[in-house]
Amino acid sequence: MHEHDEYLYFLRRAFDGMLGALEELGDDLGNTAPDLPGANSPYAIAYHCVGVADYWLGHVVAGRRVDRDRPSEFTAKGDARHLRREVDALFARLGADLREVPPSESPRNTPPAEFEGPDRPLSVRGVQLHVLEELAQHHGQVQITRDLLRTGGPA
């Protein structure tokens with residue numbers, strides 16, 4: 001067992017929860033945003049999380065080049081099966097990325113200043129916590145959005 005395996009387990013749980021919600025909704029509702037100010041579709045939220053994890057862990061932590069178009073993540077549309085394959089590929093990359101960098105080291109690339117810790121630069125572990133924080137929040141957001149869409153709430 002590698003020291004990052006437990007961390008990846010919890011990331012995978014968040015992704016599996018989001019993907020499960022998308023599969024429950026089906027592709028039509030999964031690509032529907034509730035009629036609320038600033039709301040995103042469950043698919044777009046989950047797709048955004050792929051970008052979050054790939055950028056922060058692949059680029060910031062491991063130094064891998066990641067081409068990310070963050071604004072387009074929020075308008076993304078697609079099907080759950082394809083996104084599940086993207087998540088599987090993401091985890092293959094992340095497993096390799098994290099094996100290269102111990103949690104106590106500094107990230108290979110500097111994160112944006114607004115995401116640094118309150119009084120010091122982020123460590124690899126700090127970046128990992130940031131990604132887990134984002135995925136946990138978005139997992140809940142996908143679940144609430146799923147519930148709104150299934151019950152005919154604002155849509």
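Rules used throughout
Residues numbered from 1 in each chain as written. Predicted model: local features only at pLDDT ≥ 70, side-chain atom pairs only at ≥ 80, totals over all residues. Heavy atoms only, no water. Core = buried A, V, L, I, M, F, W, Y, C linked by side-chain atoms within 4.5 Å. Buried < 20%, exposed > 50% of the residue type's maximum accessible area, 1.4 Å probe, protein only. Helix = DSSP H or I, 4+ residues; strand = E, 2+ residues; numbered from the N terminus. Contact = heavy atoms within 4.5 Å. Axes fitted to C-alpha atoms, helices over the stretch in contact; angles between N-to-C directions. Parallel < 35°, antiparallel > 145°, perpendicular 65-115°, else oblique. Left-handed = near helix turned anticlockwise from the far one by under 90°. Nonpolar A, V, L, I, M, F, W, Y, C, P; charged D, E, K, R; others polar.

Caption draft 1: Fine view of the nonpolar core. Of all hydrophobic cores here, the largest spans 36 residues; its most connected members are Leu11, Phe15, Met18, Leu57, Val131 and Leu135. Contributions of two or more residues to this core are made by helix H1 (5-30), helix H2 (42-61), helix H4 (80-99) and helix H5 (124-150). By residue number, the principal contributor to this core is H2, which donates 12 residues. Apart from residues no more than four positions distant in its own chain, Val131 is found in contact with Tyr7, Leu11, Ala53, Trp56 and Leu57.

Caption draft 2: Focus on the side chain of His130. On the secondary structure map, His130 appears in helix H5. Setting aside anything within four residues of it in sequence, one finds His130 in contact with Trp56 and Phe115.

Caption draft 3: Quick look at the packing of H1 against H5. With their axes 9 Å apart at the nearest point, H1 and H5 run at an angle of 20 degrees to one another. In terms of their interaxial angle, H1 and H5 are classed as roughly parallel. Helix-helix and strand crossings are classified by hand; for H1 and H5 the assignment is left-handed. Packed against H1, whose contacting residues are Tyr7, Phe10, Leu11, Arg13, Ala14, Phe15, Gly17, Met18, Ala21, Glu24, Leu25 and Leu29, the element H5 presents Gln128, Val131, Leu132, Leu135, His138, His139, Val142, Arg146, Leu149 and Arg150 at the interface. Residue composition of the contact of H1 with H5, by class: 14 nonpolar, four polar and four charged.

Caption draft 4: Molecular detail of the environment of Gly126. Turning to its location among the elements, Gly126 is positioned in helix H5. A relative accessible area of 18% means that Gly126 is categorised as buried. When the C-alpha atoms of Gly126 and Ser104 are compared, they prove to be 9.0 Å apart, with 22 residues separating the residues in sequence.

Caption draft 5: Geometry of the side chain of Asp97. By secondary structure assignment, the location of Asp97 is in helix H4. The exposure class assigned to Asp97 is buried, which follows from its relative accessible area of 8%. In this view, Asp97 contacts Leu57, Gly58, Ala62 and Arg64; residues no more than four positions away in its chain are not counted.

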